[in-house]
Each structure stands twice: as structure tokens, then as C-alpha cells.
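Examination of the molecular architecture
These are the residues of each chain, in order.
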Amino acid sequence: MTLNKRFTFCFLLLCQIILAQHDSITKLKEVVVSDKNLKKYSDSQSVLKLNDSIINKNEALLTDLLNFNSTLYFKEYGRGMLSTVSFRGTTSSQTAVIWNGININSQMNGSTDFNTISGSDYNSISIKAGGGSVIYGSGAIGGTVHLNNDMPFYNRFENNLKFDYGSFNTIGINYKTNISNEKWSGQIGFSKNSSTNDYKYLNKYTWKGVQRWNQNGQYDVITMSANLGYKLNARNIFKLYSQTSNTDRNTSLITETETPSKYINGFNRNLLEYDGNFGKLTTNLKTAYIFENYQYYADNSTNNYTYGKTESLIAKADVGYTLFKSTQINGIIDYNKTTGTGSGFGTNTREISSASLLIKQDVSTYWKNEFGVRKEFTDNYKSPVLFSIGSSYQFGELYKLKLNLSRNFRIPTFNDLYWEEGGNPDLKPESSYQAELGNVFTFKNITLTQTFYYIKIKDLLQWVPGKNGIWSPQNTDKVNSYGAETLLSWKKQFGKNIFAVNATYAHTISENSDTKKQLFFVPFNKATASVAYSRNRISANYQFLYNGFVYTRADNDPDEIINDYMISNVGIDYDFKFLESFKLGFQVLNLFNEAFESLENRPMPGRNFNMYITLKF
């Protein structure tokens, strides 16, 4: 079934079921969250939530949103190209991406490409710092990024439509509709982001003096989603989430003499969920099917390509019980079967089962404790026993203290285990211990969060040259990562004038414990800031990003670095109050025309522009 047929089917299904709703006075605006454990078991860790207002002020792709609003560091192979993340000095495979409570990191390479995801496709996006493997499994070492589609159950019919057009023929379309009453909740979404991406490289010329520009950089990202919820009664709720996406993307050339190539990848995710609430006893059952695939054309003028695909079936049962008024227990059992086929690793199947126990204790309204333990079972590797212990205490209105200790891990991927030639079936999972201390200061409209952490990682998986020059993954290095993170938020209204300020800062030391060298592509310092102002129909905002320099070699050669850079964006929009809302906006990106790159020989664009129209009706 093609992408368009899937979307049309979901659209017709939802319309037939929901359009029969009746208008009435809203008694209670009930919203059922898609990932209850994110809120329930995060009292001892830092969680940064980005809502619709922040999401809409940024460029469409998820890299830009998180880069300008969090402590995460991104390495991009050019604008719109492959984008990988580093969280608390860890590798791209050590940050887990969670879609409505399900870990969706690639089974082939263990990471997520953030330039294949549009932030506008979700109600909210949260960034949880620190270990989360007890709840979310493999990869949740540095932290987790949560993509949530929450279900409202109150009378609503709302449509949001946004058109973008910017430099380099960049086109964005995003449409979301929410249709709900007290029994049904439906959401339909469509997003398309494309660009010819032919920007000039600042201050870069060929040996003949000809201006260099980004060649073979075209991309097109299309995502469709349909979500449906049915509230049988106050105790029983059924939910269905479905999302499919396709990214057709060339790969920018490093030199003009390279052979143009392209990379096509896509995914299909389906999740059926049941929530039961029976007083002291709660149940949450999930069944998910996730498909991912890619095709790589080394020469995009031919039809020859390498490929890979995986299919995962996930079943998860979460049973909770309120033992005492202050103590809640959750027992979780899940099963994951993944079959992978590819030109590089043949056909292989992996089955993983796990059991977890989570305990939350509210000693008082000020003192909360949480504990979790998890064990996985599989024939492919030996899994360590994972745990998490946390506590938080509110000292009056001004200060809150958080403490957390955890053990986390990352399992070998299909590429690691089965790649032909070089795969290593004897690999061990990466294992880490983590400790963090958080301080939250709140005074009137100001919230300041300061977190100190230490991570010790062993059995780090790295591909190294072996016999006959064949590269193979090995459990090699040990890494110590430690540092501090700061989050600041302030919002204040003076008459009709509304001001909001948000800022983040991360200082990160991530070093090989043997060589005492900083890991390459991990900046010592990163800072972001944003200022927003609104009055009546007009609003304006300013964004700032600073990335410190990074080493590009394991030996920390000072001549092999990527320089630090500072980027500023500014935007303004006006609401004409047509329908419920009609906004016309304009943005200047990279305001000061900074020449920068986050990866060697992958220049990013200079000053560029974007204009947009948003309709809400």
C-alpha cells in the first residue's frame, strides 16, 4: 500500500467515526497523555517541555528546534542532511527517541536522524536528561527525547494550517486537525518540507576563484499521521497511533568532483494501546508494529543501490497498583521481535524479553522517592541488571533538591552484530553508571534549574580496523563524562505587554579514561537563549545559539578542530484575526551572516529568510 493510500484510508476512517459528534458545553477539558511514565517517574530528573508556541517559532525539522532550545549538540552533514545528536557528551546511539512511550531508535544503526522528523507533527516535545534505560530500554544513557501525541476528550473541532516559503526554494506545509468529544478523539496530520538547498558557501571559492555552493543537496521529507482514541467509559480507553514517513534526500558534495549520491529512507509506525483504571489497579497494554527501511544510491544517475530494512513487533504490559495512599508499584513485561534484512547484514532475527519493577513513594507533598529495576533476556548478548534510584525534596517555595543514581545500557545493533564482512556476534552491551544532583530555584516568575552529573561508560562499541584491513566493532574504550547543565525560564506580563525569556547552558567534559582526551565532536560549552515579546496582535522573538569548538580527532590535535560559532535568528508576525487566527510572519535566520559548520567540509548557509502564514480555524 502506498503512502498516499495509507493516509487516505486513515483520513476517511477518522472522518466517518468522529464527524457525528454534537456540540455542547464543555464540562471538563480532559487530555489523556501518551506517555504517562514520563511524568510519573521523572521527579528526580530534569525534564524540559517544548509546547506548541515554541515549536511554531522554529524551522520545521527537529534538529533546528532542539538545537536552539536545549542543551543537545547536533552534528549535521549539511543543511537538511544526516543529523546526529550528542547528549551529555555521549554518542548518537546513546540518546533514545521515544514516540508515544515506544523507543524508536533505528534497529540497524542504533540512532535517530533528527532531520527526518518534523517537530510540528507532535503536540509536545520533551527532553529528559539522564539515564532512562529502566523504563525505555537501550540507548537511554545520555537522555531521552519524547515525541508525544496526547489525546483530548472534550468537544473540539480545530484545524491548524501553516505554509512556509524561504531561501533556497524551501517549502513547508503542515496541517493538523483535532476532532473530539467526550467519547472520541481524532487527529490527522500532514507535513511536507523540501528544498533545492543550493546555498552559497560563505568565503569559499574554487582554485579558479569560482564561488562554491551546496551541490546535490536537495531534500524532501513527507510525513502523514492519524491518531484515534475511544473512551468506552471512565475506566477504559483505547488509542491507536499511526504514522508513516518518507525522506528522499541527495547527499551534499564535499568537492565538485565527487559522484552525486542519494539516500532514501522511510518508516511506518503503528501503536494500539489500552488504558484501564480500576481504582487502586491500573493497566496499560501496548502492541506496536514498526517498519524502517533505506536505499542508498552511490551514483544517483543509476538504479543501483544498497538497502536495509527491519520489522519490529512490540508487546508491552504495564500493571500498576496503589499499595498505600503514598506508594505506587508498576510491573512491566515487554517483548520485542525484530527481523532485519539488508545487503550489508543478510537476514537475521532478534527476540528480546524484559521485566521491570517501578516504585514511586510520595512520603509527603514535599518529599518524593522513586525506584526501578529492569532485566532483559535474549540469546544475542548478556544484559546487565539495570536500576534507577531517585529522590526529590521541596524546601519551601524557593528551592527543590533532586538526586538520581542509575545504571543504563545500549545493545549492539544489527550492523554491529551481523555486518558482512566485519560483524561481531560476540559483542557485549555498552554499560554505564550515572549520578546526578539537581537544584531547582523558583522565585515568582523565574525558574532556574542547575544540574551536575557524572557518567561512567564501559565497553563502548567502536568500529576499528582488524585483520586484512577489515573494520569490525569491538568493545574498546571506557569513557567518563561529567559536567553541568543550566535551564532558565521567565515570563511576565506588564499590561498588554508579555515578555518571555528562556535560556540553556551546558558545560561538558567527556573523555577517554585511558588517554584523558576529550571525545571528538563533543563541545566543552553550548548555550542557547530566546526572548519573545507580544502585544495585542503583534509578536516578535529573538534566538541565540553558541556552540564551542570541537575536536575532530581522537588525539585532540589542536590543528584539527571545528571553530566555535554564534548564530542569531529573529522573527516577527502579525495576527489579522481572520477566522480564529490568521498570522503572517517573517524570519531572518543567521542574522549576522556567520560562516560556520558543525562537521568538517560541510558548510551551513549564511543569512537567509523565511516567511510563513498560519491559519487556525
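So, how was this worked out
In this numbering scheme, every chain counts its residues from 1 along its sequence in written order. Local features in this predicted model are restricted to residues whose pLDDT is 70 or higher, and side-chain atom pairs enter the listing and the counts only when it is 80 or higher, whereas totals over whole chains, interfaces and linings include all residues. Values reported for side chains reflect all heavy atoms of the structure, with hydrogen atoms and water molecules removed beforehand. The way it works is that DSSP assigns letters per residue, a run of H or I at least four long becomes a helix, a run of E at least two long becomes a strand, and they are numbered from the N terminus. Buried residues are those whose accessible area, probed at 1.4 Å on protein chains only, stays under 20% of the maximum for their type, while exposed residues exceed 50% and partly exposed ones sit between those limits. Pairs of residues are marked as contacts when any of their non-hydrogen atoms sit within 4.5 Å. Only strands that DSSP links by at least two bridges are regarded as paired with each other. Summary of the metric used: pLDDT quantifies the predictor's per-residue confidence within the range 0 to 100. Only rings of Phe, Tyr and Trp enter the pairing, Trp through its six-membered ring, and a pair is recorded when the two centres are within 6.5 Å. The plane angle decides the type: under 30 degrees is stacked, over 60 is edge-to-face, the rest tilted. Pairs of N or O atoms are called polar contacts if they sit within 3.5 Å, as long as, within protein, a hydrogen donor faces a hydrogen acceptor (for residues adjacent in sequence, only side-chain-to-side-chain pairs). The definitions used throughout rest on a 1 Å grid laid over the protein atoms alone, on which a cavity is an enclosed set of points accommodating a 1.4 Å probe that cannot get out and a pocket is an open set flanked by protein within 12 Å on both sides along at least five of seven lines; lining residues are those having an atom within 4 Å of a point. Grid points are joined across faces, edges and corners, and a volume is the space filled by probe spheres set on the points. Three categories are distinguished: nonpolar for Ala, Val, Leu, Ile, Met, Phe, Trp, Tyr, Cys and Pro, charged for Asp, Glu, Lys and Arg, and polar for the others, with Gly belonging to the last. Within this scheme, the nonpolar core is defined by two criteria: the residues are buried Ala, Val, Leu, Ile, Met, Phe, Trp, Tyr or Cys, and they are joined through side-chain atoms within 4.5 Å. By definition, a salt bridge exists where a carboxyl oxygen of Asp or Glu is found within 4 Å of a side-chain nitrogen of Lys or Arg. Residues qualify for a patch when their relative accessible area is over 30% and they have no salt bridge, like charges being joined within 9 Å and the nonpolar side chains of Val, Leu, Ile, Met, Phe, Trp and Tyr within 5 Å. In this description, accessible areas are obtained by the Shrake-Rupley approach with a 1.4 Å probe, and a residue is regarded as covered only by the protein chains that are shown. Counted as positive: Lys and Arg. Counted as negative: Asp and Glu. His and the chain ends are not counted at all. Charge positions are represented by NZ for Lys, CZ for Arg, CG for Asp and CD for Glu.

Attention now moves to the overall build of the protein chain. Within the protein chain, the regular secondary structure consists of six helices and 37 strands. Judged by the C-alpha coordinates and their principal axes, the protein chain covers about 70 × 60 × 55 Å. Looking at the protein chain residue by residue over its 617 residues, the buried ones come to 53%. Counted over contacts in the protein chain with a minimum sequence separation of 6, partners at least 24 positions apart contribute 62%.

One open sheet accounts for five strands, arranged β2-β7-β8-β5-β6; its pairing is mixed. Strand pairing shows two members of the sheet lacking a second neighbour, β2 (47–50) and β6 (102–103), which therefore form its edges. Pairing of strand β7 (residues 124–129) with strand β8 (residues 143–148) involves six bridges; the strand directions are antiparallel. Bridge pairing links I127 to V145 in β8.

Moving on, we come to the pairing of strand β20 (residues 327–342). Where strand β19 (residues 306–324) and β20 come together, 16 bridges link them in antiparallel fashion. Residue pairing for β20: F324 is matched across the bridge by T327. Connecting β19 to the next strand, β20, in antiparallel fashion are two residues. The pairing of β20 with strand β21 (residues 346–362) spans 16 bridges and is antiparallel. Within β21, the residue paired with K337 across the bridge is E351. Counting the residues between successive antiparallel strands, the hairpin from β20 to β21 contains three residues.

Before going further, it helps to examine the confidence of the model for the protein chain. Predicted coordinates in regions of low pLDDT should not be interpreted in detail. Counting all residues, the mean pLDDT for the protein chain is 91, and 95% of those residues have values of 70 or more. Residue range residues 1–27 is modelled with pLDDT below 50. Its contacts to residues more than four positions away, or to other chains, number 42 contacts.

This paragraph deals with the packing of aromatic side chains. In the structure shown here, the tally under the stated rule is 29 aromatic pairs. Seen from their ring centres, W367 and Y393 are 6.3 Å apart, and the 65° between their planes marks the pair as edge-to-face. Residue W367 is found in strand β22 (residues 367–377), and its partner Y393 is found in strand β23 (residues 386–395); the two are separated by 26 residues along the sequence. Since its relative accessible area comes to 32%, Y393 is described here as partly exposed. Among the aromatic residues, ring-to-ring pairing joins W367, Y393, F395, Y399 and F441 into one connected group.

Right, let's get into the side chain of N284. Position of N284 relative to the elements: it lies in strand β18 (residues 281–297). For N284, a relative accessible area of 12% corresponds to the buried category. Separated by 2.7 Å, the side chains of N284 and E273 make a polar contact. Not counting chain neighbours up to four residues away, the residues in contact with N284 comprise E273, Y274, D275, K316, A317 and D318.

Attention now moves to empty space enclosed by the protein. Taken as a whole and assessed by the stated rule, the structure comprises eight cavities of 30 Å³ or more. Taken as a whole, the largest cavity holds about 130 Å³ of empty space. The wall of the largest cavity is formed by 16 residues, among which Y41, Q45, V134, I135 and S388 lie closest to the centre. Looking at the lining of the largest cavity, the elements that each hand over two or more residues are α5 (133–136), β22 and β23. Looking at the lining of the largest cavity, its residues break down into six nonpolar, eight polar and two charged.

Further remarks concern the nonpolar core. One finds L62, L66, L72, F114, I125 and L147 to be the most contacted residues of the largest nonpolar core, which totals 30 residues. The set of elements that each furnish at least two residues to this core consists of α4 (62–69), β5 (95–99), β7, β8, β9 (151–153), β16 (236–251) and β18. Here L72 is in contact with L66, N67, V85, S86, F87, I127, V145 and K526, once residues within four sequence places are set aside. Counting residues in each nonpolar core, the second largest holds 15 residues, with V134, Y136, A140 and I411 among its members.

Although it is not a glycine, N197 adopts a positive phi angle of roughly 60°. Along the chain, the position of N197 falls in the loop between β12 (184–195) and β13 (200–205). Here N197 falls in the buried class, since its relative accessible area comes to 0%. Positioned with a positive phi, K444 is a non-glycine residue whose angle comes to about 55°.

What follows covers the pattern of salt bridges. Enumeration according to the criterion identifies 22 salt bridges in this entry. Here K577 and D575 are joined by a salt bridge, their closest N and O atoms 3.8 Å apart. Put simply, K36, K239, E273, D275 and K286 are held in one network by salt bridges that share partners.

Examined against the element boundaries, N610 turns out to sit in strand β37 (residues 608–616). Of the residues examined, N610 reaches a relative accessible area of 10% and is grouped as buried. At a separation of 3.1 Å, a polar atom in the side chain of N610 contacts the side chain of D164.

Here we come to a positive patch on the surface. Residues K456, K458, K478 and K516 make up a contiguous surface patch of positive charge. Along the chain, the position of K458 falls in strand β26 (residues 446–458). A relative accessible area of 37% places K458 in the partly exposed class.

Summarising burial for β12: nine of the 12 residues are buried, a large majority. Across 10 bridges, the pairing between strand β11 (residues 170–180) and β12 is antiparallel. Of the residues in β12, the one forming a bridge with K176 is G189. Linking β11 to β12, which pair antiparallel, is a turn of three residues.

Let us look at α4. With respect to burial, α4 is a largely interior element, eight of its eight residues being buried. Every buried residue of α4 is listed here: L62, T63, D64, L65, L66, N67, F68 and N69.

This part takes up the environment of S53. Here S53 is to be found in helix α3 (residues 52–55). Take S53: its relative accessible area is 40%, and that puts it in the partly exposed class. Separated by 2.7 Å, the side chains of S53 and N51 make a polar contact.

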